[in-house]
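Summary of structural features
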Protein chains: 2
Amino acid sequence: MEKKYFIEMDKKDPLKEFRNHFFLPKNTIYFDGNSLGMAPKITKKRMEHVIGKEWGQGLIRSWADEEWGISGQRIGNKISKLIGANDGEVIAADSTSINIYKALTAALQCNQNRNIILSTNDNFPTDLYMMQGLQSFSPNKVKNKIVNKDEIDKYLDERVAALLLTEVDYKTGEILSMSEITKKAHDKGILVIWDLSHSVGSIPVDLNKCAADFAVGCGYKFLNGGPGAPAFLFVAKKHQEKIRPTLSGWMGHKNPFDFSIEYKPADGIDRFLCGTPPLLGLIALECGVDLILKANVTRLRKKAVKLSSLFIELMESMCSEFDFKLASPRDENRRAGHVSFMHHSGFAVSRAIASKGIVGDFRAPNIVRFGIAP
Amino acid sequence: MEKKYFIEMDKKDPLKEFRNHFFLPKNTIYFDGNSLGMAPKITKKRMEHVIGKEWGQGLIRSWADEEWGISGQRIGNKISKLIGANDGEVIAADSTSINIYKALTAALQCNQNRNIILSTNDNFPTDLYMMQGLQSFSPNKVKNKIVNKDEIDKYLDERVAALLLTEVDYKTGEILSMSEITKKAHDKGILVIWDLSHSVGSIPVDLNKCAADFAVGCGYKFLNGGPGAPAFLFVAKKHQEKIRPTLSGWMGHKNPFDFSIEYKPADGIDRFLCGTPPLLGLIALECGVDLILKANVTRLRKKAVKLSSLFIELMESMCSEFDFKLASPRDENRRAGHVSFMHHSGFAVSRAIASKGIVGDFRAPNIVRFGIAP
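In this text, all values refer to a predicted model and were calculated from it rather than measured experimentally. (Residues numbered from 1 in each chain as written. Chains lettered and ligands numbered in written order. Predicted model: local features only at pLDDT ≥ 70, side-chain atom pairs only at ≥ 80, totals over all residues. Heavy atoms only, no water.)

**Quick look at the relation of the copies chain A and chain B**
- Mapping chain A onto chain B calls for a screw motion: a turn of 180 degrees about the axis and a shift of 0.0 Å along it, with 0.0 Å RMSD after fitting. Such values leave the two copies arranged in the relation of a two-fold axis. Of the C-alpha atoms belonging to chain A, the one lying closest to the rotation axis is found on G281(A), 3.0 Å away.
- A shared interface surface links the copies, since 100% of the contact residues of chain A are contact residues in chain B too. (Least-squares fit on C-alpha atoms with pLDDT ≥ 70 in both. Contact = heavy atoms within 4.5 Å.)

Structure below.
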């Protein structure tokens, strides 16, 4: 393949204008979108306005005048368009880990006569750690079962309250079949919590088509919300009113400014708020989400598939002598926004290419991971 | 009192240069520091740098290169200087509500044979709601008791695991005696969790002098950390290693980047981190904390006492015909950073003065609250 071919492809790229919307790091080829997305230029501008004008001049009044108070809901509704949810089913708040805890405790309430939470040993660690924290505090209410991914079916039975899975494997980029697994779980009365941290903004997701129950996801990867951006929580409409949130902070109260002594859950998704919304982080997240909505996930996905297939082809033809082994699925329909290769000296490789300005990342024990999604 | 007197006072004010460090809202007299502190000019500047340079150019590398990864600890150590804690006892993270949950579950672990959590009915609502959420999920492990403030002593017995109190009453500004109450509780083997949201940055606090166990506090009031700024958590050194955090997210793991399946708590205060640190919010908080450290809480307190006594004097002499009744303690040693008046039409009063550019706030049923701390 010649340089001409790539230049031609770039010219035809319907997404090419989006390059101008981001700060482009100098002398860097950035393959780390799956750990921290790039910085939109508009984020800097909007933050200047929020700090200098909305906070600086409007102060406390901006909670109402600038709609700070409903930003978690507004951004949640925007994210819902990326994941096949309806208005009022998604809220942007807290971290992914905290939202996992909210979903776990909520699922146990919806499925009161069961106490097992099932997950897989290749799930992202924080998902497992949050399960373990909950079990350790409430051992008589919660029993965790962590199994191999290919054994899940065997464990789907009437004792399981909830199944917690990540749609896209953080190491290999493999996509699980959300619709198939959710259906199998529902057949046994099990609720499913989907972690979309490695899906949202990179592959189309359709939660309601699968009748999904709960989902969480992170804002700092493909959504470009900035380092440690707020995360989001999806709770299907059908479950919302049954749940009395365990993390019941004042912003999830029906009338937070009545300052009453008894907690009374707010209507709908609002009850899953907890503390005061982290406004600066939320505004940055909104900037990133707006850009993804404008770029359109279907178009992004199309380009990501093309780029990642090309990347695999080039790696295998040009680096064949160096003993890299593809860790991601070869089938492009089963591979999400990043491509991983195994290498016995994976860590050294990732450090070496980083020193040349090529930023990927390393996942123990031997995975070099490249974020290819545009 | 004549205008000349006030001009003279301003001239002598050792804190007067700090006025220049903040955005000053136009045509506004701002008495709402206890709900949202003002915006430091440096925050806007620093955020521009963090977004454009550290994130925009450094991207994922800035977690190490710019020390993003330890910002919660660094800012925690700065806050510790304001509340009489040592390095490694305070972490900036999450919201006040979430940190209350961390402290409650931790205290129950430290006091395993007890199950009562005691608090007062004039505590800030989110404190009570978080207790209620915990009890509702784990009713066999947790029983809440909410009593009148003047009855606390009666309920301090061997069944109580933890006492959760706010040092400064959010309505009246009354200061509780932290040392006296902590001692009484300890005499019965009860651990104490202090909510410092209305103290930190406005009155000197000395947690370790009182041998306090846990504390939480908010970043957006007197610390000027911005709307929804991250909060903080204090865990006394003596307790840290005993606790297996219930909200055990990956950032509280001993080796978060080993991605191991089993949660293993990090050493010391780090284990009380949960999800990825919300960097933009943390940076804004740090700017506010730096200014408070520079201004010095003892100096701030001295000025606040002077201003609030003067404010009461002027309100009572100039507005005596309007039926305002002082809700805050008259004794300046028992009154923290805000002054409250009761008025039968309190809500209407607060709206009316707001329309003239005088921003205080209203707390049901009849309290008009003025943040006087500088």
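**Some remarks on the domain arrangement of chain A**
All names here are of chain A.
- According to the domain assignment, chain A contains domain 1 (3-38 + 296-371) and domain 2 (49-294).
- Computed from C-alpha atoms alone, the centre-to-centre distance between domain 1 and domain 2 is 28 Å.
- Taken residue by residue, the interface counts 29 residues in domain 1 and 24 residues in domain 2.
- For the pair domain 1 and domain 2, the number of links is one salt bridge.
- Counting across the domain 1 and domain 2 interface gives 16 residue pairs in polar contact (both at pLDDT 80 or more).
- Secondary-structure elements contributing two or more residues to the side of domain 1 that touches domain 2 are α11 (297-318), β10 (338-342) and β13 (367-371).
- The element contributing the most residues to the side of domain 1 that touches domain 2 is α11, with four residues.
- Considered class by class, the residues forming the side of domain 1 that touches domain 2 number twelve nonpolar, eleven polar and six charged. (Domains from an automatic or database assignment. Salt bridge = Lys/Arg side-chain N within 4 Å of Asp/Glu carboxyl O. Polar contact = N/O pair within 3.5 Å; in protein donor to acceptor, adjacent residues only side chain to side chain. Helix = DSSP H or I, 4+ residues; strand = E, 2+ residues; numbered from the N terminus. Nonpolar A, V, L, I, M, F, W, Y, C, P; charged D, E, K, R; others polar.)

**Some thoughts on helix α4 (residues 71-80) of chain B**
- Across the ten residues of α4(B), eight count as buried, placing the element largely inside the fold.
- Within the sequence span of α4(B), burial applies to S71(B), G72(B), Q73(B), I75(B), G76(B), K78(B), I79(B) and S80(B). (Buried < 20%, exposed > 50% of the residue type's maximum accessible area, 1.4 Å probe, protein only.)

**So, the pairing of strand β7 (residues 214-217) of chain A**
Residue and element names in this part refer to chain A.
- Where burial is concerned, the two faces of β7 agree: the one with F214 and V216 and the one with A215 and G217 are both buried.
- Of the pairings in the sheet, the one linking strand β6 (residues 191-195) to β7 comprises three bridges and is parallel in character. Opposite I193, over in β7, you have F214 as the bridge partner.
- Where β7 lies against strand β8 (residues 232-235), four bridges are found, and the strand directions are antiparallel. Note that in β8 the partner of A215 across the bridge is F234. (Pairing = 2+ DSSP bridges.)

**Focus on the packing of aromatic side chains**
- Following the criterion strictly, the structure yields 33 aromatic pairs over all chains and no others.
- Geometrically, the ring pair formed by F124(A) and Y170(A) is edge-to-face, given 4.9 Å between the ring centres and 80 degrees between the ring planes. On the criterion of sequence distance, the pair formed by F124(A) in the loop between β3 (116-120) and α6 (125-137) and Y170(A) in the loop between β5 (160-166) and α8 (178-187) is long-range, its members being 46 residues apart. With respect to class, F124(A) is no different from Y170(A); both count as buried.
- Centre to centre, the rings of W250(B) and F259(B) are 6.2 Å apart; their planes meet at 35 degrees, and the pair counts as tilted. By the burial criterion, W250(B) is buried, and F259(B) matches it.
- Among the aromatic residues, ring-to-ring pairing joins F31(A), F311(A), F324(A), F341(A) and F370(A) into one connected group.
- The lysine or arginine in question, K221(A), covers the ring of F124(A), its NZ or CZ lying 5.4 Å from the ring centre. (Phe/Tyr/Trp six-rings, centres within 6.5 Å; stacked < 30°, edge-to-face > 60°. Lys NZ or Arg CZ within 6 Å of the ring centre and 35° of its normal.)

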